[in-house]
Amino acid sequence: MADPRQCGRCGFGPVDHQGCDSLSTHHNETTSRGFRIQNDCLRCGWFVYSLREWPRWDGELHTEQGRALYRQRTWCEVVVTIKASSKALVVPYTLLLLGDRLWLPNLAALLACSYLIPWCIENAQLFKSLASPPCAPPRRIRARAGPARGAEFSPGAADCGGARPAELPEIGRSEALEVMMASTPDVIFLNSGAICSVCLDEFSEDAARLVTESSSVEIACKGLQVLDPSIVALRCGHPLHVECATAAVSASSSRHVRCPLCRQPVTLAGEATANMFS
């Protein structure tokens, strides 16, 4: 997030506002595309007129679901790091040992260096995409009965994002997203109370019921994609909102698109690169 904030009353956050400082100008408006703008706290309803009164996010996750997801994500990143480091040791050592047995030490040393150079390049790009991804736009939820998440605002912008519907374009699916939409996992990890690992919103009960009652994973995947908001199940089985999956794609290169939770590659090219280097 470019400027994460949190609620001044209950600590709900982080929230990524977009637009101008004024939170009252477009509050509760509905854009021509059907997106409702809601600038009060989504948990307790706390509302102020200026974004400057929203404290900056203190870096703490204030819900048990968010803390549990962060712990799982951290451990998965540790696993990815250990796997990548082990390959940097095992593969060159195996090549050197083989060269020694075949009386070709110079060739073995050349092959080991030839492996380590692309290993360094690929893992440097992977580390960059995991450690400092570019900011992605927040999700947009269509107006409906009950509380709704809307477009939020941040200071310093030239004008209000909510004032112009053109600022909320329809999402275009990239090649990586197309692959994600077409993939079918062995199992979908979505039950009642499960949350999206990007926006931390709970999936609807309809989605959980669909996964439980579907006769096959293929039928469940197709059914999730037609829900509102639509959901995509990654190759690893973890579900994301389609808009959250788009944010994940925009934060990575085509070979380094990984599940935001378990860090497993979601494309065949990424899986091949991971098997070789990480």
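Given the structure is predicted, the values throughout are model-derived calculations rather than measurements. (Residues numbered from 1 in each chain as written. Predicted model: local features only at pLDDT ≥ 70, side-chain atom pairs only at ≥ 80, totals over all residues. Heavy atoms only, no water.)

Caption draft 1: Seen up close, the environment of Leu234. One can find Leu234 in the loop between β3 (231-233) and β4 (239-241). In sequence terms Leu234 and Ile188 are 46 residues apart; their C-alpha atoms lie 8.4 Å from each other. With residues up to four places along the chain from it excluded, the contact list for Leu234 reads Met180, Ser183, Pro185, Leu240, Cys259, Pro260 and Val266. (Helix = DSSP H or I, 4+ residues; strand = E, 2+ residues; numbered from the N terminus. Contact = heavy atoms within 4.5 Å.)

Caption draft 2: Focus on the side chain of Ser214. Following the sequence through the fold, Ser214 ends up in the loop between α4 (205-213) and α5 (217-225). Reaching out from Ser214, the side chain makes a polar contact with the backbone oxygen of Leu210 at a distance of 2.4 Å. When residues no more than four places from it in sequence are discounted, the contact partners of Ser214 are Ile219 and Ala220. (Polar contact = N/O pair within 3.5 Å; in protein donor to acceptor, adjacent residues only side chain to side chain.)

Caption draft 3: View of the nonpolar core. Residues Met180, Ile188, Leu190, Phe203, Leu224 and Val232 are the most contacted members of the largest nonpolar core, which totals 32 residues. At the level of elements, α1 (64-101), α3 (175-182), α4, α5, β3 and α6 (242-250) are the ones that each hand at least two residues to this core. Top contributing element to this core by residue count: α6, with four residues. Filtering out sequence-adjacent residues up to four positions away, Val232 remains in contact with Met180, Met181, His238, Pro239, Leu240, Val242 and Ala245. (Core = buried A, V, L, I, M, F, W, Y, C linked by side-chain atoms within 4.5 Å. Buried < 20%, exposed > 50% of the residue type's maximum accessible area, 1.4 Å probe, protein only.)

Caption draft 4: Highlighting the packing of aromatic side chains. A complete count under the given rule lists three aromatic pairs for this structure. Judged by centre distance (5.5 Å) and plane angle (55°), the rings of Trp46 and Trp54 are tilted. For Trp46, a relative accessible area of 15% gives the class buried. (Phe/Tyr/Trp six-rings, centres within 6.5 Å; stacked < 30°, edge-to-face > 60°.)

Caption draft 5: Representation of the confidence of the model for the protein in the model. In this model, the protein carries an average pLDDT of 77, and 79% of its residues clear a pLDDT of 70 or more. Taken together, the stretch residues 136-173 has pLDDT below 50 and engages in 106 contacts with residues farther than four places along the chain or on a different chain. (pLDDT = per-residue confidence, 0-100.)

Caption draft 6: Local environment of the side chain of Ser197. Of note, Ser197 is situated in the loop between α3 and α4. Ser197 gets classed as buried once you look at its relative accessible area, which sits at 5%. Dropping the residues within four chain positions of it, Ser197 is found in contact with Leu69, Arg73, Leu240, Pro260 and Leu261.

Caption draft 7: Quick look at the environment of Glu202. Inspection of the secondary structure puts Glu202 in the loop between α3 and α4. Sequence separation between Glu202 and Ser192 is 10 residues, and the spatial gap between their C-alpha atoms is 8.6 Å. Discounting chain neighbours no more than four positions away, the residues touching Glu202 are Gln65, Gly193, Ala194 and Ile195.

Caption draft 8: Layout of the pattern of salt bridges. Evaluation of the coordinates by the stated rule reveals five salt bridges. The salt bridge partner of Asp21 is Arg52, with a shortest N-O separation of 2.7 Å. Pair noted here: Asp21 is in the loop between β2 (15-16) and α1 and Arg52 is in the loop between β2 and α1, with a separation of 31 residues, a long-range link. With a relative accessible area of 16%, Asp21 lands in the buried category. A salt bridge links Glu77 to Arg263; the nearest nitrogen and oxygen atoms lie 2.6 Å apart. With Glu77 in helix α1 and Arg263 in the loop between α6 and α7 (268-277), this pair connects stretches of sequence that are 186 residues apart. On the accessibility criterion, Arg263 (10% relative accessible area) is buried. By sharing partners, the salt bridges in this structure join Asp3, Arg5 and Arg56 into a single network. (Salt bridge = Lys/Arg side-chain N within 4 Å of Asp/Glu carboxyl O.)

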